[in-house]
Amino acid sequence: MSTQDRPKIVLRCDDFDPRLDLAMLKQLHGEFLKRNIPMTVCVNNAMNHRIGFDQDVLDYVNKETPAESWDIQLHSYHHERMWAMTYPDVYGDLYLNLNLTKRDFPRSNPTIYYPPWNEESQLMKQACDELGLTMVS
């Protein structure tokens with residue numbers, strides 16, 4: 001099997017959220033940098049009553065490291081059971097997640113939504129389709 005025929009393996013870090021400790025992030029990201037592998041992070045914009053990333057985390061991701069060392073994707077605004085929500089709530093959560101992630105990480109272009117607990121629903125798929133996202137679980 002040639003390298004081109006091999007399936008892509010993604011080492012995904014869920015719950016990339018405002019609780020992040022910069023020292024731990026640098027240590028983990030450093031392992032990816034050593035191996036020249038982009039670190040796939042799945043962003044929650046709010047978690048456990050915290051909203052908004054610390055400026056030092058934003059600076060590290062946006063200014064201090066190469067853009068190609070990150071694969072920034074989505075994991076929901078809150079880490080909620082999206083499969084049980086109504087369509088307006090699902091769409092609103094994903095819309096916020098997408099737009100706040102683009103704002104906070106301007107070099108990113110999220111195209112994949114990795115739902116919490118890998119749970120899916122038809123309404124989630126519909127919202128992803130409307131927002132130009134692919135849902136992967």
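Shown above is the structure to which this text applies.
Quick notes on the rules
- Residues numbered from 1 in each chain as written.
- Predicted model: local features only at pLDDT ≥ 70, side-chain atom pairs only at ≥ 80, totals over all residues.
- Heavy atoms only, no water.
- Salt bridge = Lys/Arg side-chain N within 4 Å of Asp/Glu carboxyl O.
- Buried < 20%, exposed > 50% of the residue type's maximum accessible area, 1.4 Å probe, protein only.
- Axes fitted to C-alpha atoms, helices over the stretch in contact; angles between N-to-C directions.
- Helix = DSSP H or I, 4+ residues; strand = E, 2+ residues; numbered from the N terminus.
- Parallel < 35°, antiparallel > 145°, perpendicular 65-115°, else oblique.
- Left-handed = near helix turned anticlockwise from the far one by under 90°.
- Contact = heavy atoms within 4.5 Å.
- Nonpolar A, V, L, I, M, F, W, Y, C, P; charged D, E, K, R; others polar.
- Polar contact = N/O pair within 3.5 Å; in protein donor to acceptor, adjacent residues only side chain to side chain.

### Considering the pattern of salt bridges
Right, on to step 1. This model, assessed by the stated rule, comprises 9 salt bridges.
Right, on to step 2. With a shortest N-O distance of 3.0 Å, aspartate 54 and arginine 50 are connected by a salt bridge.
Right, on to step 3. Given a relative accessible area of 32%, aspartate 54 falls into the partly exposed group.
Right, on to step 4. Classification of arginine 50 by relative accessible area gives partly exposed; the value is 34%.

### Notes on the packing of helix α1 (residues 22–35) against helix α2 (residues 55–64)
Right, on to step 1. Between α1 and α2, the shortest axis-to-axis distance is 10 Å and the interhelical angle comes to 25°. Put simply, α1 runs roughly parallel to α2. The hand of the α1/α2 crossing is right-handed. Judged by residue contacts, Leu22, Leu25, Lys26, His29 and Leu33 of α1 engage Asp56, Val57, Tyr60, Val61 and Glu64 from α2.
Right, on to step 2. Class assignment for the residues of the contact of α1 with α2 results in 6 nonpolar, 1 polar and 3 charged.

### Some details on the side chain of histidine 29
Right, on to step 1. Structurally, histidine 29 is set in helix α1.
Right, on to step 2. Within polar-contact distance, the side chain of histidine 29 engages the side chain of tyrosine 60 at 2.8 Å.
Right, on to step 3. If we ignore the near neighbours within four places in the chain, the residues touching histidine 29 are Met39, Tyr60, Thr65, Ser69 and Trp70.

### Some thoughts on the environment of valine 57
Right, on to step 1. Among the structural elements, valine 57 can be located in helix α2.
Right, on to step 2. For valine 57, a relative accessible area of 1% translates into the label buried.
Right, on to step 3. As a C-alpha pair, valine 57 and alanine 127 span 70 residues in sequence and 29 Å in three-dimensional space.
Right, on to step 4. Apart from the residues within four sequence positions on either side, valine 57 is in contact with Leu20, Leu22 and Leu25.

### Overview of the environment of arginine 19
Right, on to step 1. Its location among the elements puts arginine 19 in the loop between β1 (12–16) and α1.
Right, on to step 2. Overall, arginine 19 belongs to the partly exposed group, its relative accessible area being 41%.
Right, on to step 3. Through-space distance from the C-alpha of arginine 19 to that of glutamine 122 is 30 Å; in sequence the pair is 103 residues apart.
Right, on to step 4. Those residues in contact with arginine 19 that sit more than four places away from it in its chain are Met47, Asn48 and Arg50.
Right, on to step 5. Within the structure, arginine 19 has its side chain in polar contact with the side chain of aspartate 17 (distance 2.7 Å).

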